[in-house]
Structures are given as structure tokens and as C-alpha cells.
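# Secondary and tertiary structure notes
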Amino acid sequence: MGQQPVSRVAIYPGSFDPITFGHLDVISRATRFTDRLIVGILRNEHKHPLFSVEERMEMLRESVAGFANVEVDTFEGLLVEFAASRGASLIIRGIRAISDYENEWQMAHMNRRLQPGVETVFIMASESHAFISSRLVKEVWKLGGNISGLVPLPVLSRLERVAQKGRGAVISE
Ligand code: PNS
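In this report, the structure presented in the accompanying data block is examined. (Residues numbered from 1 in each chain as written. Predicted model: local features only at pLDDT ≥ 70, side-chain atom pairs only at ≥ 80, totals over all residues. Heavy atoms only, no water.)

Before going further, it helps to examine the sheet that holds strand E1 (residues 9–14). With respect to topology, five strands assemble into an open sheet ordered E3-E2-E1-E4-E5, the strand pairing being parallel. The two strands at the open ends of the sheet, each matched to only one other strand, are strand E3 (70–75) and strand E5 (119–124). Mean inter-strand twist for the sheet, computed between neighbouring axes without regard to direction, equals 30 degrees. In this sheet, E3 lies alongside strand E2 (residues 36–42) in parallel orientation, the contact comprising six bridges. Considered in E3, the bridge of Val39 is made with Val72. Across the sheet, helix H1 (residues 21–30) touches E1, E2, E3, strand E4 (90–95) and E5, and the angle it forms with E5 is around 120 degrees. Helix H2 (residues 53–63) contacts E2 and E3 of the sheet and is inclined by roughly 155 degrees relative to E2. (Pairing = 2+ DSSP bridges. Helix = DSSP H or I, 4+ residues; strand = E, 2+ residues; numbered from the N terminus. Axes fitted to C-alpha atoms, helices over the stretch in contact; angles between N-to-C directions. Contact = heavy atoms within 4.5 Å.)

Here it is, written out as C-alpha cells:
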């Protein structure tokens, strides 16, 4: 009898406020070496997001609709516990410039200490996406700049709707 193939389940955690083409690039590349990719949106009461968790989940689901093996979920508390509850052995993180490295280094080591069986895998952002962040997208949008090409269509159309209510009032970070 041959060995059963091991199913590679991965969590891609983050705030995704909102999802950008940078995130989508990481998702797309992670699907090449995972059997099931769960995008986990952190429910964090201490941050003041532009979009509610439900809105972010909706935009993410619409943006990843073309991927057969990608799901979107939310989590609270420890990431490694969420990973364990989903049978995930991998945590995916995108890394852009060296400035991302320090924080990611700390998180990866902490997560390994908490749950040695879960491995963090870094995907380096592609050149064309390395400068994109949710924070900058929100800032440019707030100041009336053009953000097309930076975020998927579901985000663009939502931001257009938000703009009708007034950009400044809803930006908190
Ligand atoms: O997109 P972000 O905001 O950089 O994502 C950060 C995130 C959600 C990955 C991180 O804050 C996280 O994992 N939070 C869960 C709490 C936790 O497990 N903390 C201890 C391990 S570092």
C-alpha cells in the first residue's frame, strides 16, 4: 500500500482593511503549493478599521472567487490556535521591504514557540506590488488620489460608495 498524500492546509492571516492586489498576489502564489488556503481576517476590537469585518470578508470572498481552493474566515485570539482548529500546518505571510522583516521575524518566532508544528512561510511580494499597502491605499484614497490598479474591483466599488458619504469621516488610521 502506498503512502497517503499529506494535504497541505495553510492560513493566510491579516487585517485586510481592505484587500489589495498585493494580498491577491500572495494568495495566488500560495495556492501553487497548498491544497487548501484559508484567508483569516483578525477580529480586532482595538483597531479602528475603515471596513467592518463583514465587509472585508465580503470583498475578500468576491476577490478570491476564481480560486477553487481558497476560503475566507475570521478569527479571534491566537493565530496558532486558529491554525490548529483548521488543521493547518502552514502560516503564509507576504513580505515586501526589509522594514517588514523585523515584525515578521518576531511573529514567526513567537508562533513557532507557541505551536512548533506550524511553519511560517514567507512569500516575497512581486516587484509590481511591493509598494502597495492597505494603509497607503486608504491614505491616497482619502486625499482623492487614483487607486485603480492597487485594489481589486470589489474594493474599488465599495470605496466609491463610501466616498459618497465623505472620505475624511471614515478614515481612522
Ligand atoms: O495584516 P496584519 O495586520 O499585519 O496582520 C497581523 C496578524 C493578524 C497576522 C497578527 O496581528 C496576528 O496574528 N494576530 C493574532 C494574535 C496572535 O496570535 N498574536 C501572537 C503571535 S505574534
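Counted according to the given criterion, the structure contains two aromatic pairs. Where Phe75 meets Phe82, the ring centres are 4.9 Å apart and the plane angle is 10 degrees; that geometry is what we call stacked. Exposure remark for Phe82: the relative accessible area of 6% places this residue in the buried category. (Phe/Tyr/Trp six-rings, centres within 6.5 Å; stacked < 30°, edge-to-face > 60°. Buried < 20%, exposed > 50% of the residue type's maximum accessible area, 1.4 Å probe, protein only.)

What follows concerns the site of the ligand. Taken together, Pro13, Gly14, Ser15, Leu42, Lys47, Phe75, Gly77, Leu78, Leu79, Arg93, Met107 and Asn111 form the complete shell of residues around the ligand. Interatomic distance of 2.6 Å between a side-chain N/O atom of Ser15 and an oxygen atom of the ligand. Contact between the ligand and Leu79: an oxygen atom at 2.8 Å from a main-chain N or O atom of the residue. In isolation the ligand offers 550 Å² of accessible surface; the protein chains occlude 72% of this area. Per-class residue counts for the shell around the ligand are six nonpolar, four polar and two charged. (Near = heavy atom within 4 Å. Polar contact = N/O pair within 3.5 Å; in protein donor to acceptor, adjacent residues only side chain to side chain. Areas by Shrake-Rupley, 256 points an atom, 1.4 Å probe, with all protein chains shown as cover. Nonpolar A, V, L, I, M, F, W, Y, C, P; charged D, E, K, R; others polar.)

In terms of nonpolar packing, the biggest core is built from 33 residues, with Tyr12, Ile27, Leu37, Val39, Leu60, Ile92 and Ile147 touching the most fellow members. Of all the secondary-structure elements, those providing two or more residues to this core are E1, H1, E2, H2, E3, E4, helix H5 (134–142) and helix H6 (153–165). Not counting residues within four places of it along the chain, the set of residues in contact with Ile27 comprises Tyr12, Ile19, Leu37, Val39, Leu60, Val64, Phe67 and Val70. Within the second largest apolar cluster, 11 residues are counted, among which are Ile11, Phe82, Ala88 and Ile91. (Core = buried A, V, L, I, M, F, W, Y, C linked by side-chain atoms within 4.5 Å.)

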